[in-house]
Amino acid sequence: MSLNEPTEENLKIIIDEIAARLQVVNRSIMDPKDYNLSKYDEIKSLYDLIKQKGHLSVAETQAFIQELATMRK
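Fair warning: this is a prediction, and the values are worked out from it, not measured in the lab. (Residues numbered from 1 in each chain as written. Predicted model: local features only at pLDDT ≥ 70, side-chain atom pairs only at ≥ 80, totals over all residues. Heavy atoms only, no water.)

Draft legend 1. Main features of the overall build of the protein chain. Helices and strands together make up the secondary structure of the protein chain, namely three helices and zero strands. The secondary structure elements of the protein chain, listed N-terminal to C-terminal, are α-α-α. Relative to a compact globule of 73 residues, whose C-alpha radius of gyration would be 11 Å, the protein chain shows 11 Å and is just as compact. Along the first, second and third principal axes, the C-alpha set of the protein chain runs to 30 × 25 × 15 Å. Across the protein chain, the fraction of contacts at a sequence separation of at least 24, relative to all contacts at a separation of at least 6, is 65%. Within the structure as shown, the protein chain displays about 4800 Å² of accessible surface, and the carbon and sulfur contribution to it stands at 49%. In the protein chain, the 10 positive side-chain charges and the 12 negative ones have mean positions that sit 4 Å from each other. (Helix = DSSP H or I, 4+ residues; strand = E, 2+ residues; numbered from the N terminus. Rg over C-alpha atoms; globule rule 2.2 N^0.38 Å. Contact = heavy atoms within 4.5 Å. Areas by Shrake-Rupley, 256 points an atom, 1.4 Å probe, with all protein chains shown as cover. Lys, Arg positive; Asp, Glu negative; His and termini not counted. Charge placed at Lys NZ, Arg CZ, Asp CG, Glu CD.)

Draft legend 2. Highlighting the environment of M71. Along the chain, M71 falls in helix α3 (residues 58-71). Separated by 35 residues in sequence, M71 and N36 place their C-alpha atoms 7.9 Å apart. Excluding residues that lie within four positions of it along the chain, M71 makes contacts with Y35, K39, E42, I43 and L46.

What follows is the structure in structure tokens.
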């Protein structure tokens with residue numbers, strides 16, 4: 001599966017995976033419909049970084065969530 005193409009389906013996969021890795025309890029703040037495809041590359045970069053880091057500290061988790069919040073519609 002290639003997530004390099006900015007499609008709605010890929011955006012949903014990435015957002016869902018980010019939410020799972022960040023252990024977001026309130027998934028309503030991670031609704032893929034709240035994100036523009038124009039921000040796909042930025043969101044994908046965050047996704048890649050989160051996957052690469054593996055375990056995240058609480059501060060890192062909060063920073064990622066705050067960054068995602070700035071990308072919402």
